[in-house]
Amino acid sequence: EASRDVEIRSRVSGQIRRLSIDIGDRISPGQVLVELDDSEQREVVRQAEAALKVALAEQAAQKLRVEAARRDRDRLRELGKQGVSTPQQRETAESNLAIAEAEFSLSVSKGAQVESEIQRSRLAVAERQILSPLAGHVASRSVQAGDLAKPDVGLLRIIDLSTVRTSVHVGEVDYRRLREGQQADERVQPEAQCN
């Protein structure tokens, strides 16, 4: 028996675009085994990246509004010291600055939200590539390119033959002759040999 026997499943549903392995192939950890169609997820990433550009432009515009409101407030304060501006004008300038700062904070939050959406979308694209968790051989494959992968259906079985375990059935007659630490010779019949 192989030391490790792993059934590979997809975490998401999707059409299988490409299988890069076949039964008996030797594989390494992290090797791409199956690729699912990711066109829809890639489009979501593109849309999120475009939304980020819009959010960053909005942030820049809001930052300019804050700077303009701050200059206006400072100017009205100076004019107030000279007795030229009214208290109402100064209060309006303070309110305009507070509103501009709040809108800038909101635009920064929107930008962070869009960046989070981009990360989530990129993870969804990455889930469309199924990688090998171990080194070994492909023991079985139950799907073809074009099939639908689902989380509840096994796609492949990978076995690690670097270490094997042998189960031996011993009859009652021979059981009494077994001792701990005793050596045994093992032979494999030619038709049962593995690669």
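You'll find the structure just up there.
Residues numbered from 1 in each chain as written. Predicted model: local features only at pLDDT ≥ 70, side-chain atom pairs only at ≥ 80, totals over all residues. Heavy atoms only, no water.

**Student:** Describe in detail a nonpolar patch on the surface, supporting the description with residues and values.
**Tutor:** On the surface, V168, V170, Y175 and L178 cluster together into a nonpolar patch covering about 410 Å² of accessible area. Within the secondary structure, L178 sits in the segment after α3 (172-175). Assessed through its relative accessible area of 42%, L178 is described here as partly exposed. (Patch = residues over 30% accessible without salt bridge, like charges linked within 9 Å, V, L, I, M, F, W, Y side chains within 5 Å. Areas by Shrake-Rupley, 256 points an atom, 1.4 Å probe, with all protein chains shown as cover. Salt bridge = Lys/Arg side-chain N within 4 Å of Asp/Glu carboxyl O. Helix = DSSP H or I, 4+ residues; strand = E, 2+ residues; numbered from the N terminus. Buried < 20%, exposed > 50% of the residue type's maximum accessible area, 1.4 Å probe, protein only.)

**Student:** Before we move on, can you summarise the sheet that holds strand β4 (residues 32-36) with the specific residues and values?
**Tutor:** The strands making up a sheet are joined through hydrogen bonds of the backbone, oriented either antiparallel or parallel. Here we have 4 strands laid out as an open sheet, ordered β5-β4-β2-β7, and antiparallel in their pairing. Either end of the sheet is taken by a strand with one partner, and the two such strands are β5 (129-131) and β7 (148-149). Relative to β5, β4 runs antiparallel, the two being bridged by 3 bridges. Directly across from V32, in β5, lies its bridge partner L131. (Pairing = 2+ DSSP bridges.)

**Student:** Explain the pattern of salt bridges to me, and be specific about the residues and the numbers.
**Tutor:** Summed over all chains, the structure comprises 18 salt bridges. A salt bridge links R122 to E49; the nearest nitrogen and oxygen atoms lie 2.8 Å apart. Taken together, the residues R122 in helix α2 (residues 87-126) and E49 in helix α1 (residues 39-81) connect sequence positions 73 residues apart. Between E78 and K81 there is a salt bridge; the shortest N-O distance is 3.5 Å. Placement of the pair is E78 and K81 together in helix α1, with a separation of 3 residues, close to one helical turn. Residue classification places E78 among the partly exposed residues on the basis of a relative accessible area of 42%.

**Student:** Describe the side chain of Q59, and please don't skip the residues or the numbers.
**Tutor:** With respect to the helices and strands, Q59 occurs in helix α1. Given the relative accessible area of 18%, Q59 is considered buried. There is a polar contact of 3.4 Å between the side chain of Q59 and the backbone oxygen of S107. The contact partners of Q59, leaving out residues within four places of it in the chain, are F104, S107, V108 and G111. (Polar contact = N/O pair within 3.5 Å; in protein donor to acceptor, adjacent residues only side chain to side chain. Contact = heavy atoms within 4.5 Å.)

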